[in-house]
Amino acid sequence: MLLNPVLHTNISQCSEDIRLLVEESVGIITEAINRYGVENIALAFNGGKDCTALLHLLHIALDKLNLHNAKVITINIQIDEGFPEVNNFIAQSIELYKLKMIQKNGKIKPALFELKNEMPHISAVLMGTRSTDPYAATLRPFIPCDPGWPDLMRVNPILTWTYDQVWRFIRELKVPYCPLYDAGYTSLGNVRNTAPNPALLSENGETYRPAYCLTDGAQERAGRE
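Counting restarts for each chain, with residues numbered from 1 along the sequence as it is written. For this predicted model, a pLDDT threshold of at least 70 governs which residues receive local features, and a threshold of 80 or more governs which side-chain atom pairs are given and counted, while totals over whole chains, interfaces and linings are taken from all residues. Remark: hydrogens and water are excluded; side-chain values derive from all non-hydrogen atoms of the structure.

Asker: What is the right way to read the overall build of the protein from this model?
Answerer: Each helix and strand in the protein was counted, giving five helices and six strands. For 225 residues, the compact-globule formula gives about 17 Å, and the C-alpha radius of gyration of the protein, at 17 Å, lands near that figure. Overall, the C-alpha framework of the protein stretches about 55 × 40 × 35 Å when taken along its three principal axes. Only protein chains enter the accessibility calculation, which uses a 1.4 Å probe. A residue is then buried if its area is under 20% of the maximum for its type, exposed if over 50%, and partly exposed in between. Taken across its 225 residues, the protein has 50% of its residues classed as buried. The contact criterion used is simple: two residues touch if any of their non-hydrogen atoms lie within 4.5 Å. Taking as baseline every contact in the protein between residues at least 6 positions apart, the subset at least 24 positions apart corresponds to 75%. Working definition of accessibility: Shrake-Rupley area with a 1.4 Å probe, residue cover restricted to the visible protein chains. Here the protein has roughly 11,200 Å² of accessible surface; of this, 51% comes from carbon and sulfur atoms. Counting 21 positive and 25 negative side-chain charges, the protein places the centres of these two groups 4 Å from one another. Strands are runs of DSSP state E lasting at least two residues, helices are runs of H or I lasting at least four, and both sets are numbered from the N terminus onward. Throughout, the radius of gyration refers to the C-alpha atoms, and the reference size of a globule is 2.2 Å times the residue count to the power 0.38. In this tally, Asp and Glu contribute negative charge and Lys and Arg positive charge; neither His nor the terminal groups of the chain are included. Charge coordinates come from a single atom per side chain, which is NZ of Lys, CZ of Arg, CG of Asp or CD of Glu.

Asker: Help me out: how do you make sense of empty space enclosed by the protein in this one?
Answerer: With a probe scaled to a water molecule rolled over the atoms, the places where space remains empty come into view. Buried and open spaces are told apart on a 1 Å grid over the protein atoms alone, a cavity being a set of points where a 1.4 Å probe fits but cannot get out and a pocket being an open set with protein on both sides within 12 Å along at least five of seven lines. Residues with an atom within 4 Å of a point are the lining residues. Grid points are joined across faces, edges and corners, and a volume is the space filled by probe spheres set on the points. Overall, the coordinates contain one cavity of 30 Å³ or more when judged by the stated rule. Roughly 40 Å³ of internal volume is contained in the largest cavity. In this structure, the largest cavity is lined by Ile 29, Ile 33, Val 38, Ile 41, Leu 58, Val 72 and Leu 126. Charged means Asp, Glu, Lys or Arg here, nonpolar means Ala, Val, Leu, Ile, Met, Phe, Trp, Tyr, Cys or Pro, and polar covers whatever is left, Gly included. The class makeup of the residues in the lining of the largest cavity is seven nonpolar, no polar and no charged.

Asker: Would you take a moment to explain a nonpolar patch on the surface for this structure?
Answerer: A cluster of nonpolar side chains, namely Ile 79, Ile 108 and Trp 149, defines an oily patch on the protein surface of about 270 Å² accessible area. As for its position among the elements, Ile 79 is in the loop between β2 (73-78) and α3 (84-97). Patch building starts from residues that exceed 30% relative accessible area and form no salt bridge, then joins like charges within 9 Å and nonpolar side chains (Val, Leu, Ile, Met, Phe, Trp, Tyr) within 5 Å. The working definition used for a salt bridge is a side-chain nitrogen of Lys or Arg within 4 Å of a carboxyl oxygen of Asp or Glu.

Asker: What am I meant to see in the side chain of Ser 187 here?
Answerer: Inspection of the secondary structure puts Ser 187 in the segment after α5 (163-172). The exposure class of Ser 187 is buried, given its relative accessible area of 7%. Only 2.7 Å separates the side chain of Ser 187 from the side chain of Arg 224, close enough to count as a polar contact. Not counting the four nearest positions on each side in its chain, Ser 187 is found in contact with Lys 49, Tyr 181, Thr 194, Glu 220, Arg 221 and Arg 224. By the criterion applied in these results, polar contacts are pairs of N or O atoms within 3.5 Å in which, for protein atoms, one can donate a hydrogen and the other can accept it, and in which residues neighboring in sequence qualify only through two side-chain atoms.

Asker: Just checking my understanding: could you explain the packing of aromatic side chains for this structure?
Answerer: We describe a pair of aromatic rings using the distance from one ring centre to the other and the angle between the two ring planes. Pairing of aromatic rings covers Phe, Tyr and the six-membered ring of Trp, with a centre-to-centre limit of 6.5 Å; geometry is then stacked below 30 degrees between planes, edge-to-face above 60, and tilted otherwise. Summed over all chains, the structure comprises six aromatic pairs. Consider the rings of Phe 83 and Tyr 185, whose centres lie 5.5 Å apart with planes at 70°: the pair is edge-to-face. Here Phe 83 is found in the loop between β2 and α3, whereas its partner Tyr 185 is found in the segment after α5, with 102 residues between them in sequence. Each member of the pair, Phe 83 together with Tyr 185, is buried. Ring centres of Trp 167 and Tyr 181 lie 5.2 Å apart, and the angle between their planes is 75°; on these two criteria the pair is classed as edge-to-face. Here the residue Trp 167 occupies a position in helix α5, and Tyr 181 occupies one in the segment after α5, the gap between them amounting to 14 residues. An identical accessibility class is assigned to Trp 167 and Tyr 181; each is buried. An aromatic cluster of three or more residues is present, and its members are Trp 167, Tyr 177, Tyr 181 and Tyr 212. Put simply, a charge is over a ring when the Lys NZ or the Arg CZ is close to the ring centre, within 6 Å, and near the line of the ring normal, within 35 degrees. Over the aromatic face of Phe 142 sits the side chain of Arg 35, whose NZ or CZ is 4.0 Å from the ring centroid.

Honestly, that's just the spatial picture; any functional story needs more than this.
So this is what it looks like as structure tokens:
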């Protein structure tokens, strides 16, 4: 999907369950901003659908708080070789949402230590984790990093969202997203371990339906090794 220069924040026309989810998630983000200050919060953003939804929820929260000029610190951690389409989408998102992007390479733990060492004022990181993600079933909206990790609060505003709800939010508010999702990818890793989801293969056996056509959220990672 091509980036739309209009960022919609009015949720009145969204489905009722999406409106309730947005209100809950924006409330969590607002609480984080009130606790730590927007300048002391970072957003983890990898260009995937969940982080994209989170980014737009942050935009809605900042709009409600009249923090229109806030330039949110955003961290992108490149663990392996990423898709050019994802990298292009991240670059476009930086411009569209006016983000202050910090790029790190390598594993997540040392990258967060680097972030904390370089920007010790950062107290919390907004993350697009959902409870169905690996190792996420017991997480809470506010949960400190584990012992041995940087002294950061992990803030998880979309824990309770389902795969379907993420896509309905994105589509109902016309949120820009990475074009790989229109080619049948449902979960984005790197170029070596990610393929279009076989559950979305069209009847012609050659093309794939978009990610939002997946009806069984349990198959979200079927294209990942």
